[in-house]
Amino acid sequence: MWNLNVGRVILALLTTATAAAAVTVTVSATASHAIPTTLWGQMYEDISFSGDGGLYAELLRNRAFQRVTPGTVASLVGWQAVNGASIAVVAESEPVSNALPNALRLTVPAGSTAQVGVANTGYFGIKVTADTTYKASFHYRFPSSTSSGSLSATLSLQSTAGRVFGSTSVSLSRSTSWARVAADLTATESAGDTSNLFVISVDGAEAAGETVSLAMLSLFPPTFRGRENGLRIDLAEALEEMGPAFFRFPGGNNLEGQTVDRRWQWNATVGPLVDRPGRQGDWSYINTDGLGLLEYLEWCEDLNMIPIMGIWAGYALGGTSVPQSQLGPYIQQAADQINFVIGDPATSEAAALRARLGRPEPFALEYVEVGNEDFIGSAPGTYTYRWRDIVTALQAQFPDIHFIASTIPWNPVLTPVPTHYDVHVYQTPTWFAQNSFFYDDFQRNGTLYFEGEYAAISTNPNNIFGSPAQGRLVYPTMQSAAGEAAFMTGLERNSDIVFAAAYAPLIGHATNNQWTPNLLAFDAGQVYKSTSFYVQKFFSHNRGDEYIPSTLPARTGTLYWSVVRKTSTSEIIIKVINTAATVAPVTFELPFANVASTGTAEVLTGGGTTSNTPSSPNAIVPVTSTIATGQTFDYNAPPVSVSVLTFVAP
Ligand SMILES: *[C@@H]1O[C@H](CO)[C@@H](O)[C@H](O)[C@H]1NC(C)=O
Ligand SMILES: *[C@@H]1O[C@H](CO)[C@@H](O)[C@H](O)[C@H]1NC(C)=O
């Protein structure tokens, strides 16, 4: 993510609207290059509750009081008292773990009679579905208990109006030392909306005057592929549906930290949840780090994605660069992070930790990105020594890994000479269409490029990062998706040097977000697939393995295309993008002896300013039809559309 409009010159050529004359596209007989299998994938970081409250399936917000200041209103975010209980976050005199110094103290007032307790409101709601079993757990102790025996507590899912959808009871022993309780909670009824609570309550009369400390509370719905501490099924399935080849993590700005101490540190994100301290993220909320390094790697394996892993590179977003003489421990921490992923448990302590956590075999790792957006602020000035020292040290230890530079290509000049660069751009739909030739003029000298973040985010070229009132998009539109698709035809044509590309951000809460637009929006109840999502899916599923040159589109026109072959199925796949508001007729001339007489057209089209939103989630969805094909055939690209034409040509 970036907040500076730098790096690229907008082609300010104006095209005049004329009636569309048919364009003839002549396709070459031979392929120019192989298309990398890595081409289309996903860029992930925790932003707009994409992780905590989003992909990470945990339902309780502020479950472990990580990084909050005890006694403040903010420390109780997500929690409320039930029936007159007194609740406060305190610095525990005997914390449940070193990583979690705080606990929630619940005191039942003298004279209580009803069920009293504490409730969590979830991440802006909790979805409750009938016949679904939720896994609840928490740590507790009775800090000043003098009595023995046990106290029964009720765990329930309720509407805010008190309707109970499911409940179970657990027995709490009145001990001053910590114990953990876990229970399955099955909903017998679905809630009509997501304004629901998870409630822990006790009988007021029985517990009057008693105090209990609660720590590391958790409530999980069923997760993707049933993984413990896993991912929210509908979001995970939507990400899987896109067909991504890679997953870049953990950021993005969220890798960097505002200060050096607040950087993402791999070792704070692995192991038992009670040993993860959490951190103040870069996007205005506290990260639980429940979705940690091991979870990311397992997710990559589940979806057959290759990881593109970021390491912290000595720069914090607040503007601090670690001096060259003090880089050593950070380089060591990065080496440990890589060893956690691929190291040998016999020789690396980090790899031995991975083995103790149940994974002796290494994961696959080929790409490591060194920092994030080191073209911002004072970062470029220090990246020369940071890159040199970090990459020199790590390349010697990990000769098979490709290190990706995060500055603007070739500025500043870096040694060792980068073999891979990550390029980011947030721009207008028009910019994307008119820059589909961005890479055509790059030298072919062995350097590879990762279009690591891109999205059409505004219709206002003079204020790309402005507000919605100034043209900023809240959700991708048909027009923005078409602009991106036009740009992506250029990435395909240049996939001899562009090895990977990802829209960003990947996921964002529909209303509680720090950035718009997002590829997938969601709330506690649902996932909303954007027009841009369908474009990404189109390209991922129709990547092909050979690029076939054809007549080039006009650089600043409104009609774009690319032609690929999928050898395994003998298919020719043509993407046609029309960014104009009128139909664009096009004639394809193919040199192949056998071309099937019919094929399919998958088409995404609609009003240019139309978006898929929570109130209209399926305003624009792909439609598949049969089309006539042949050695020469005509296709009418609908107004503002992205079409994928597929036919067999053995
Ligand atoms: C992670 O490792 C660093 C040293 O690389 C250390 O300073 C830090 O305390 C560790 N954090 C946790 C939570 O273990
Ligand atoms: C590759 O090309 C770029 C310009 O596109 C140039 O700046 C760079 O020095 C070249 N790199 C090598 C290794 O020749």
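Numbers given to residues run from 1 along each chain, matching the order in which its sequence is written. Ligands are numbered from 1 and chains lettered from A, in the order in which they are written. Side-chain atom pairs in this predicted model are given and counted only at pLDDT of 80 or more, local residue features only at pLDDT of at least 70, and totals for whole chains, interfaces and linings cover all residues. By convention in this description, side-chain values take in all heavy atoms of the structure and omit both hydrogens and water.

A. Broad picture of the sheet that holds strand 4 (residues 79-82). The five strands lie next to each other as 4-7-12-9-10, forming an open sheet whose pairing is antiparallel. Strands with a single pairing partner mark the edges of an open sheet, and in this sheet they are strand 4 and strand 10 (164-173). Across the sheet, the mean angle separating the axes of adjacent strands is 20° when strand polarity is ignored. In this scheme, strands are said to pair when DSSP sees at least two bridges between them. Starting at the N terminus, helices and strands are each numbered in turn, a helix being any DSSP run of H or I of at least four residues and a strand any DSSP run of E of at least two. Both strand 4 and strand 7 (residues 115-120) contribute to a ladder of four bridges, which runs antiparallel. Looking at strand 7, one finds that Ala-81 is bridged to Val-118. Between N-to-C directions, angles span 0 to 180 degrees; the directions come from axes that are lines fitted to C-alpha atoms, helices contributing only their stretch in contact.

B. Representation of the packing of helix 4 (residues 293-302) against helix 5 (residues 328-342) within the structure. Following both chains from N to C, one finds helix 4 and helix 5 inclined at 45°, their axes separated by 11 Å at the closest point. Judged by the angle between their axes, helix 4 and helix 5 are oblique. When the axes of helix 4 and helix 5 are compared, the crossing they make is right-handed. Residues Leu-293, Leu-294 and Leu-297 of helix 4 pack against Gln-337, Phe-340 and Val-341 of helix 5. Residue type decides the class: Asp, Glu, Lys and Arg count as charged, Ala, Val, Leu, Ile, Met, Phe, Trp, Tyr, Cys and Pro as nonpolar, and the leftover types, Gly among them, as polar. Here the residues of the contact of helix 4 with helix 5 are counted per class, giving five nonpolar, one polar and no charged. For classification purposes, angles smaller than 35 degrees are called roughly parallel, those larger than 145 roughly antiparallel, those between 65 and 115 roughly perpendicular, and all remaining angles oblique. Rotating anticlockwise by less than a right angle from the far helix to the near helix defines a left-handed crossing, while the corresponding clockwise rotation defines a right-handed one. Contact criterion: two residues are considered in contact whenever any of their non-hydrogen atoms come within 4.5 Å of each other.

C. Structural detail: the domain arrangement of the protein. Those domain boundaries reflect an automatic or database domain assignment. We note that the domain assignment places domain 1 (23-33 + 548-648), domain 2 (39-59 + 224-541) and domain 3 (74-220) within the protein. Carbon and sulfur atoms supply 69% of the area that domain 1 and domain 2 bury against each other, a total of about 2700 Å² over both sides. In short, buried area is how much 1.4 Å probe accessible area vanishes from two parts on joining, totalled over both. When the area that domain 1 buries against domain 2 is broken down by residue, the three leading residues are His-33, Arg-555 and Pro-614, summing to 22%. Any carboxyl oxygen of Asp or Glu within 4 Å of a side-chain nitrogen of Lys or Arg constitutes a salt bridge here. Run the count over domain 1 and domain 2 and you get two salt bridges. Note that Asp-441 is salt-bridged to Arg-555, the shortest N-O span being 3.2 Å. Counted as a polar contact is a pair of N or O atoms within 3.5 Å, where, for protein atoms, one must be capable of donating a hydrogen and the other of accepting one, and residues adjacent in sequence contribute only when both atoms are in side chains. There are 14 residue pairs in polar contact (both at pLDDT 80 or more) connecting domain 1 and domain 2. Contributions of two or more residues to the side of domain 1 that touches domain 2 are made by strand 27 (559-566), strand 28 (571-578), strand 30 (598-605) and strand 33 (641-648). Its residues assigned to classes, the side of domain 1 that touches domain 2 comprises 17 nonpolar, 15 polar and three charged.

D. A look at the packing of aromatic side chains. The aromatic pairing rule takes the rings of Phe, Tyr and Trp, using the six-membered ring of Trp, and pairs them if the centres are within 6.5 Å, calling planes under 30 degrees apart stacked, those over 60 edge-to-face and the rest tilted. For the coordinates displayed, the defined rule picks out 39 aromatic pairs. With a centroid separation of 6.1 Å and 65° between ring planes, the pair formed by Phe-138 and Tyr-140 is classed as edge-to-face. Each member of the pair, Phe-138 as well as Tyr-140, is classed as buried. Measuring from centroid to centroid gives 5.5 Å for Phe-438 and Phe-442, while their planes differ by 50°, and the two rings are tilted. Exposed residues in this analysis have more than 50% of their type's maximum accessible area, buried residues have under 20%, and partly exposed residues fall in between, with area computed by a 1.4 Å probe over protein chains only. You can call Phe-438 partly exposed: its relative accessible area is 21%. One aromatic cluster is present, formed by Tyr-44, Phe-224, Phe-247, Phe-249, Tyr-296 and Trp-299 through successive ring pairs.

E. Seen up close, the site of ligand 1. Every residue near ligand 1 is listed here: Gln-265, Asn-267, Ala-268 and Gln-333. In this structure, Asn-267 approaches ligand 1 through a side-chain N or O atom, which is 2.3 Å from an oxygen atom. Accessibility throughout is a Shrake-Rupley quantity obtained with a 1.4 Å probe, and a residue counts as covered only by protein chains that appear here. Protein burial of ligand 1: of its 370 Å² of free accessible surface, 44% is covered by the chains. For the shell around ligand 1, a count of residues per class yields one nonpolar, three polar and no charged. We call a residue near a molecule or strand as soon as one heavy atom of that residue lies within 4 Å of the molecule or strand.

F. The arrangement of the pattern of salt bridges in detail. With the rule as written, the count across this model stands at 28 salt bridges. Across the pair Arg-227 and Asp-302 runs a salt bridge whose closest N-O atoms are separated by 2.8 Å. Remark: Asp-302 occurs in helix 4 and Arg-227 occurs in the loop between strand 13 (211-220) and helix 2 (233-241); sequence separation between them is 75 residues. Across the pair Glu-546 and Arg-565 runs a salt bridge, and its minimum N-O distance is 2.7 Å.

G. Representation of the UniProt feature "domain: Alpha-L-arabinofuranosidase C-terminal" (unreviewed entry) in the protein in the model. UniProt positions are given in the numbering used here, feature names are shortened, and annotations may be inferred rather than shown by experiment. Per the UniProt record, "domain: Alpha-L-arabinofuranosidase C-terminal" (unreviewed entry) is found at residues 475-641. In this annotation, residues 475-641 is assigned 16% helix and 36% strand; the end-to-end C-alpha distance for the span is 17 Å.

H. The layout of surface pockets, seen in detail. Method remark: on a 1 Å grid restricted to protein atoms, a set of points is classed as a cavity if a 1.4 Å probe fits but cannot get out and as a pocket if it is open with protein on both sides within 12 Å along at least five of seven lines; lining residues have an atom within 4 Å of a point. Grid points are joined across faces, edges and corners, and a volume is the space filled by probe spheres set on the points. In this model, the largest pocket occupies a volume close to 740 Å³. Together, 31 residues line the largest pocket, and Arg-180, Phe-220, Glu-228, Asn-229 and Leu-273 are the ones closest to its centre. Counting residues per element, the ones that place at least two in the lining of the largest pocket are strand 8 (133-141), strand 11 (179-186), strand 13 and helix 4. Here the lining of the largest pocket takes five residues from strand 8, the largest share from any one element. Taken domain by domain, the makeup of the lining of the largest pocket includes at least three residues from each of domain 2 (39-59 + 224-541) and domain 3 (74-220).

I. Just the site of ligand 2, in detail. Near ligand 2, the surroundings consist of Trp-410, Val-417, Gln-443 and Asn-445. Gln-443 has a polar side-chain atom sitting 3.4 Å from an oxygen atom of ligand 2. In this structure, Asn-445 approaches ligand 2 through a side-chain N or O atom, which is 2.3 Å from an oxygen atom. For ligand 2, the protein covers 57% of the area, taking 360 Å² as the surface of the free molecule. Partitioned by chemical class, the residues of the shell around ligand 2 number two nonpolar, two polar and no charged.

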